[in-house]
Amino acid sequence: DDVIIVASVSCIYGIGSVETYGAMTQDLKAGGSYDQRQVIADLVAQQYRRNDQAFQRGSFRVRGDSLEVWPAHLEDRAWKLSFFGEELETITEFDPLTGAKTGSFEQIRVYANSHYVTPKPTMQQAIIGIKKELRTRLDQLVGEGKLLEAQRLEQRTNFDLEMLEATGVCNGIENYSRYLTGRAPGEPPPTLFEFIPDHAIVFADESHVSVPQIGGMYRGDYRRKFTLAEHGFRLPSCMDNRPLKFEEWDAMRPQSVFVSATPAAWELEQTGGVFTEQVIRPTGLLDPQVEIRPVEMQVDDLLDEVRRVSEAGYRTLVTTLTKRMAEDLTEYLHEQGIRVRYMHSDIDTLERIEILRDLRLGAFDVLIGINLLREGLDIPECGLVAILDADKEGFLRSETSLIQTIGRAARNADGRVIMYADRITGSMERAMGETERRRAKQIAYNEEHGITPETIRKNVDDIMAGFYKGDVDMNRVTAKVDKPMVGANLQAHLDGLRTEMRKAAENLEFEEAARLRDEVKRLEAVDLAVHDDPLARQQAVEKASDAAVGARGRSTAGRPGQRGGNVKRRKKH
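Residues numbered from 1 in each chain as written. Predicted model: local features only at pLDDT ≥ 70, side-chain atom pairs only at ≥ 80, totals over all residues. Heavy atoms only, no water.

1. As for the packing of helix α9 (residues 298–311) against helix α10 (residues 323–335)
Phase 1 of the analysis: Viewed as axis vectors pointing N to C, α9 and α10 meet at an angle of 55 degrees, and their least axial separation amounts to 12 Å. Overall, the two elements α9 and α10 adopt an arrangement that is oblique. Our pair here, α9 against α10, has a crossing hand that is right-handed. Residues Gln298, Val299, Asp300, Leu302 and Leu303 of α9 lie in contact with α10, whose contacting residues are Met325, Leu329, Tyr332 and Leu333.
Phase 2 of the analysis: Per-class residue counts for the contact of α9 with α10 are seven nonpolar, one polar and one charged. (Axes fitted to C-alpha atoms, helices over the stretch in contact; angles between N-to-C directions. Helix = DSSP H or I, 4+ residues; strand = E, 2+ residues; numbered from the N terminus. Parallel < 35°, antiparallel > 145°, perpendicular 65-115°, else oblique. Left-handed = near helix turned anticlockwise from the far one by under 90°. Contact = heavy atoms within 4.5 Å. Nonpolar A, V, L, I, M, F, W, Y, C, P; charged D, E, K, R; others polar.)

This is the structure we're talking about:
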């Protein structure tokens, strides 16, 4: 069967050997003859843990003639093997939380619980090699007078060796991958690319970013591992647990498709100048018009433009050069009555998703960023992209960055781009030239086929809903719990909430105070809706409730007055 693997650039990091991982599997058939004790022993060899109380992924439990296994590759399903003597009677799939049967199988394959699972003879050979290197390295460190490093290395490595001999696994087992896989020093480690067949096809999305990352990962990883080995935290062989070098990856990859609106020189060189352009969009959308305005009054001019765009019901994206400027501009626009947020690298990933969702839902109208308002940002409601200080040549204002930023306005038929600059740099000229070239092609195609550009219509998906659901097993429990009632005296309940809100504010627990304030607003909105129409339907009451809370959105970071995002603030606690 065809298989699709979605991976980040980290797929060039070393994992266990494909040969040993493939060999360490168990095939079990219903009706076959098996010794239950031997099956259990094989599961232990595959690094499954026996746990009769807390059943979890990668563990098994024994109940009389029944053996229950939660395979490492399944999130919410486990298998029950029912034995009668030495005969495997049935193989049943069930829900580990509710115990409900979900299916039955004639045959199953149990994969190892770790990529570094190793057969016993290979492990014994690896331990001999590790001990030999340890003796050599200890002599070297003692000879250099590094007694502390020698003691540290000896204690750590001996502990790891004892764990490997007793259980076949230890923390940081990947640092001994050279010995476990039988590779020579300096040889490329086994990676995901060794698991995929020769006739596979690799798609590298946003290749102008992902391909340079491949080259940079080896160098960064080497320096880190070199420091660990130098100070006695690891044996020097840990440096062979590394990502592929760029040359190794290039030689190992199967046929590849590089996808990018702004391909880099390496990709174009590989194609020999022959490549496929996807300039025409099914909706007939055009690349946006680009306008240049002077820097001197850029903030006041931006304020005027933002008001116009917001009145038309669209959103605005603004890119600045520094975090400080993004935060200062957010405060200034907020003081002028604009609903605005900022987003930069100090705001954690989950919060960024919430901010973008709130922007699309209309909780605020302007989002100010630096380098995050680029690839992959798909906001059809965006009617204006403003690039401040566009003539400051550099990474943030390079040809690639400008084309990618301009493209954020290409999802809307009325999308525009304003660059604030006192001179036209080479990058600006090339970016505008490329945009105009694409725009001319698109206009010609639309005229030829009678297409009228239409803004993309796209639902605002709640990406986080799946994340929070997947975080607990309770999402599979079908019983519904009613929301807590506030009691007959709503006013007394509201007074209690206001008192708690003030106490939280006095204790500097501002996030809790904000939550209580929103709850007061919600209950007041519900009370008002019921007073206006005592016979109002539940749907109308819930709509009024959601409107009261939704105006603020769910995201809590990037607000005016918040400095340094939320990553730094969390680290202080």
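2. Re the domain arrangement of the protein chain
How big an interface is tends to be reported as the loss of accessible area on association of its parts.
Phase 1 of the analysis: Split by domain assignment, the protein chain resolves into domain 1 (17–111), domain 2 (120–252), domain 3 (289–449) and domain 4 (489–546).
Phase 2 of the analysis: Between the C-alpha centres of domain 1 and domain 2 there is a distance of 32 Å.
Phase 3 of the analysis: Contact with domain 1, which involves four residues of that partner, is made by six residues of domain 2.
Phase 4 of the analysis: Each partner contributes to the roughly 480 Å² buried at the junction of domain 1 and domain 2, and carbon and sulfur atoms together form 64% of this total.
Phase 5 of the analysis: Counting the surface domain 1 buries against domain 2, the share from its top three residues, Ser17, Val18 and Gln47, is 78%.
Phase 6 of the analysis: Here domain 1 and domain 2 share zero salt bridges between them.
Phase 7 of the analysis: Classifying every residue of the side of domain 1 that touches domain 2 by side-chain character gives two nonpolar, two polar and no charged. (Domains from an automatic or database assignment. Buried area = accessible area lost by both parts, 1.4 Å probe. Salt bridge = Lys/Arg side-chain N within 4 Å of Asp/Glu carboxyl O.)

3. Overview of helix α6 (residues 207–230)
Phase 1 of the analysis: For α6, built from 24 residues, the straight-helix expectation of 34 Å at 1.5 Å per residue is met to within 8% by its first-to-last C-alpha distance of 35 Å.
Phase 2 of the analysis: Within α6, the full set of buried residues consists of Ser207, His208, Ser210, Val211, Ile214, Gly215, Met217, Asp221, Lys225 and Ala229.
Phase 3 of the analysis: Two residues or fewer past α6, Gly232 is found with a positive phi of approximately 80 degrees. (Expected span 1.5 Å × (residues − 1). Buried < 20%, exposed > 50% of the residue type's maximum accessible area, 1.4 Å probe, protein only.)

4. A word on the pairing of strand β13 (residues 340–343)
Phase 1 of the analysis: Burial along β13 is two-sided: the residues Val340 and Tyr342 and Arg341 and Met343 are all buried.
Phase 2 of the analysis: The pairing of β13 with strand β14 (residues 366–369) spans four bridges and is classified as parallel. Paired with Tyr342 across the bridge in β14 is Ile368.
Phase 3 of the analysis: Between the parallel elements β13 and β14, the chain passes through helix α11 (residues 349–361) in a crossover that is right-handed. (Pairing = 2+ DSSP bridges. Right-handed = clockwise from strand over helix to strand, strands pointing away.)

5. Some thoughts on the packing of helix α3 (residues 120–143) against helix α4 (residues 147–167)
Phase 1 of the analysis: Where α3 meets α4, the axes come as close as 10 Å, and the angle between the chain directions of the two elements is 170 degrees. On the basis of the axis angle, α3 is roughly antiparallel to α4. Seen from α3, the contacting residues are Lys120, Met123, Ile127, Ile130, Lys131, Leu134, Arg137, Leu138, Leu141 and Val142; seen from α4, they are Leu147, Glu149, Ala150, Leu153, Glu154, Thr157, Asn158, Leu161, Leu164 and Glu165.
Phase 2 of the analysis: Residue composition of the contact of α3 with α4, grouped by class: 12 nonpolar, two polar and six charged.

6. Considerations on α4
Phase 1 of the analysis: Its 21 residues give α4 an end-to-end C-alpha distance of 30 Å, which sits within 8% of 30 Å, the value for a rise of 1.5 Å per residue.
Phase 2 of the analysis: Burial in α4 covers these residues: Glu149, Ala150, Leu153, Thr157, Asp160, Leu161 and Leu164. Angular distribution of buried residues about the axis of α4 spans 110 degrees; they occupy a single face of the element. Residues of α4 that are exposed and angled more than 90 degrees away from the buried face: Leu147, Leu148, Gln155, Glu162 and Ala166.
Phase 3 of the analysis: The inward-facing, buried residues of α4 abut α3 and α6.
Phase 4 of the analysis: A positive phi of about 80 degrees marks Gly168, the residue just after α4. (Arc of directions from axis to C-beta.)

7. Quick word on the pattern of salt bridges
Phase 1 of the analysis: Counted under the stated rule, the structure contains 39 salt bridges.
Phase 2 of the analysis: One salt bridge connects Arg324 with Asp328, and the closest N-O pair in it is separated by 3.3 Å. Pair noted here: Arg324 and Asp328 are both in helix α10, with a separation of four residues, about one helical turn.
Phase 3 of the analysis: Judged by its relative accessible area of 30%, Asp328 is partly exposed.
Phase 4 of the analysis: Three or more residues joined by partner-sharing salt bridges are found here, namely Glu291, Arg293, Asp301, Asp304, Glu305, Arg308 and Arg416.

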